[in-house]
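Letter by letter, the chains look like this.
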Amino acid sequence: MGRLRRPRLVSLRTTFAVSFAAVTAAVTLLVGVLSYGAAARLVRVDQETVFDEAVQDLRAEVRDQAMAPEDFSSQAPGHDLVRPARTDVQVLGPDARIVDPGSPGLPVMAADRRIAADGTAGRMVEHKDVDVGDDVYRVATVALGGGRGAVQVAQEFSDTEDLLRALQQRTLILMAAVVVLAGLFGWWLARRITRRLVVLTSAAEDVARTRRLGIQVPVAGYDEVGRLGRAFDRMLGRLAQSEEDQRRLVQDAGHELRTPLTSLRTNISLLRRIDELPSGTRDELVADLTQEARELTDLVNELVDLAAGQSDTEAPRRVDLADLAEDVAGLAGRRTGRQVVVRASGDTTTDGRPGMLQRAVSNLVENAAKFDRDGTAPIEIRVSGPARPGTVRVEVLDRGPGVADDDLVRVFDRFYRAADARSLPGSGLGLSIVREVALAHGGAPFASRREGGGSVMGFTVGGVERGDPLGGLSTASVDT
């Protein structure tokens, strides 16, 4: 069985132009046919009306007066018959002989001879489509009565048909010209409309071929095509940013995983000689392995949380951040044994993803507990809103050693750990997750030193607050 030929693709430009020309041709044909039919009917009716009126006037005249053939002679001055335009008149005598020939001469048939000998004035016989030379006439023969003869009235219709045929030809030519011009105009219009679509198609093909998402889409305009181009450009930007975030996350994760893995390999290699080691050294080795495994597990879990935060599919809904903070406080108190209090003021409801927001608040509380391990003062969660319309502010306050001024602008960066925190357990991803959640909800993270000692860390939801101590700085420091 032979291979099926792949159907040839027709461009949108060609389809649009052909469709435009086809619609124009159909409309032009319909209008042309109707216009020509109406014009032809009017011309024919007008010609027939003129001829019928001339014949009826002649019949009325011969009925009212006893008239002889000489009364209708074109040679006699003041003859009674009015000859309309394109009307020929021929007068017949009593024996149907031609008394006054027409111009051109009309044929005299048997019916005309009987009418000429008829005794009743006004009796008529009519002939249609009578060939006279190269022309076609309509002939009516009217009896003068008393056997005195008859008058033949003829009107030429061939010139009218010639006129209508010429009109028909010109109509067809005009219709063809309109169709051709419509096709050209449709092609030009389709090219103008699809030009930006061609640019979008080329950009999409370039992305598919090169896998480069940083391609600029030069599309302007405010119509549907312009909106599509801007949406496509924004989509490419988001995809490029997502790809960059994933690449950076993998690089940072690889860098951070390398240290605990190297330490694990070193300690595992010592296990081969564990029998040769003193008892205290063996206990220290097992403790180190346990601690490193725990830190590695925590690091992997936080990496998973961070990746999930970037691609969270949880549906947003109305959330009360004060109630959410109460849940976090209860859970954190059971985990750490520390007292965690919640203070709320104002309207603390907002639209968001509850799981992501709870993770962010929980990370802030765990960070405060970690750096204020030996503290006795309660950890505070303050939820207030709205400082600005639609904005809710969440902050966690502790009485730990605080954050150095040089570290304030970097505490929300991935894997960043201050110098005095590197001996503590953790991966440096907890606050980075807080930043991702805040940005995903239209807010920003912030950090500052607390008056009297300790630190204040938190985030806003629903809009960036320009008054935040480091809202702008922490946001600007991201992705550097």
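In the annotation of an unreviewed UniProt entry, the entry for the protein reads histidine kinase, and the organism field reads Streptomyces dysideae. We quote the UniProt Subcellular location (unreviewed entry) comment for the protein here in full: "Cell membrane". Entered under Catalytic activity (unreviewed entry) in the UniProt record, the comment concerning the protein runs "ATP + protein L-histidine = ADP + protein N-phospho-L-histidine."

> Can you walk me through the confidence of the model for the protein in this structure?
Detailed conclusions should not be drawn from predicted coordinates in areas where pLDDT is low. For the protein, per-residue confidence averages 76 on the pLDDT scale, and 80% of positions sit at 70 or higher. Counted against residues more than four places away or in other chains, residues 421-426, with its pLDDT under 50, gives 13 contacts. Across residues 464-480, where pLDDT falls below 50, the model places 39 contacts with residues more than four positions away in sequence or in other chains.

> Mind showing me how you'd approach the sheet that holds strand β12 (residues 455-461) here?
Note on sheets: strands pair through backbone hydrogen bonds, and any given pair is parallel or antiparallel. Taken in spatial order, the five strands of this open sheet run β7-β9-β10-β12-β11, and their pairing is mixed. The open sheet is flanked by β7 (340-346) and β11 (445-449), the only strands paired with a single partner. Averaged over all pairs of adjacent strands, the angle between their axes in this sheet comes to 15°, without regard to strand direction. Direction of pairing for β7 relative to strand β9 (residues 379-385): parallel, over a ladder of seven bridges.

> Hey, could you run me through the packing of aromatic side chains in this one?
By convention here, two paired aromatic rings are described through the distance between centres and the angle between planes. Taken as a whole, this structure holds one aromatic pair when the rule is applied. Seen from the ring of F446, R393 lies directly overhead, with NZ or CZ sitting 4.0 Å from the centre.

> For this particular structure, what's the right way to read the pattern of salt bridges?
This structure, assessed with the given rule, holds ten salt bridges. With its nearest N and O atoms 3.2 Å apart, the salt bridge here joins R382 to E380. You can call R382 partly exposed: its relative accessible area is 32%. Residue E395 is joined to R393 by a salt bridge in which the shortest nitrogen-to-oxygen separation is 3.2 Å. Within this structure, R343, E380, R382 and R450 form a network of salt bridges that share partners.

> Explanation requested: the pairing of strand β10 (residues 392-398) in the structure shown.
Looking along a regular strand, one sees side chains alternate from face to face of the sheet. Of all seven residues in β10, seven are buried, a share of seventy percent or more. Here β10 shows no split at all, with V392, V394, V396 and D398 on one side and R393, E395 and L397 on the other all buried. The pairing of β10 with β12 spans seven bridges and is antiparallel. If you follow R393 over to β12, its bridge partner there is T460.

> Explain the UniProt feature "transmembrane region" (unreviewed entry) in the protein here, please?
Feature annotation in UniProt places "transmembrane region" (unreviewed entry) on residues 172-190, given in this structure's numbering. Helix and strand shares over residues 172-190 are 100% and 0% respectively, and the end C-alpha atoms of the span are 26 Å apart.

> Hey, could you run me through empty space enclosed by the protein in this one?
All chains considered together, the criterion is met by one cavity of 30 Å³ or more. Every residue along the wall of the largest cavity is listed here: V328, L331, A332, R335, S362, V365 and E366. Counting residues per element, the ones that place at least two in the lining of the largest cavity are α6 (321-336) and α7 (354-371). When the residues that make up the lining of the largest cavity are grouped by side-chain class, the tally is four nonpolar, one polar and two charged.

> Where do I start with the side chain of D118 in this structure?
Considering the arrangement of structural elements, one finds D118 in the loop between α2 (110-116) and β3 (124-132). Classification of D118 by relative accessible area gives buried; the value is 15%. Excluding its chain neighbours within four sequence positions, the residues that come into contact with D118 are R123, A143, G145, G146 and G147.

> Help me understand the packing of α7 against helix α9 (residues 430-440) in this model?
What describes two packed helices is the angle between their axes and the distance between those same axes. In the contact formed by α7 and α9, the axes pass within 9 Å of each other and the chain directions differ by 145°. Pair α7 / α9 crosses with left-handed handedness. Where α7 approaches α9, its residues M356, L357, R359, A360, N363, L364 and N367 are matched on the opposing element by G430, L431, I433, V434, V437 and A440. In terms of residue class, the contact of α7 with α9 is made up of nine nonpolar, three polar and one charged.

Definitions and limits used
Residues numbered from 1 in each chain as written. Predicted model: local features only at pLDDT ≥ 70, side-chain atom pairs only at ≥ 80, totals over all residues. Heavy atoms only, no water. UniProt positions renumbered as here; feature names shortened; annotations may be inferred. pLDDT = per-residue confidence, 0-100. Contact = heavy atoms within 4.5 Å. Pairing = 2+ DSSP bridges. Helix = DSSP H or I, 4+ residues; strand = E, 2+ residues; numbered from the N terminus. Axes fitted to C-alpha atoms, helices over the stretch in contact; angles between N-to-C directions. Phe/Tyr/Trp six-rings, centres within 6.5 Å; stacked < 30°, edge-to-face > 60°. Lys NZ or Arg CZ within 6 Å of the ring centre and 35° of its normal. Salt bridge = Lys/Arg side-chain N within 4 Å of Asp/Glu carboxyl O. Buried < 20%, exposed > 50% of the residue type's maximum accessible area, 1.4 Å probe, protein only. 1 Å grid on protein atoms, 1.4 Å probe; cavity = no way out; pocket = protein on both sides within 12 Å on 5 of 7 lines; lining within 4 Å. Points joined across faces, edges and corners; volume = space filled by probe spheres on them. Nonpolar A, V, L, I, M, F, W, Y, C, P; charged D, E, K, R; others polar. Left-handed = near helix turned anticlockwise from the far one by under 90°.

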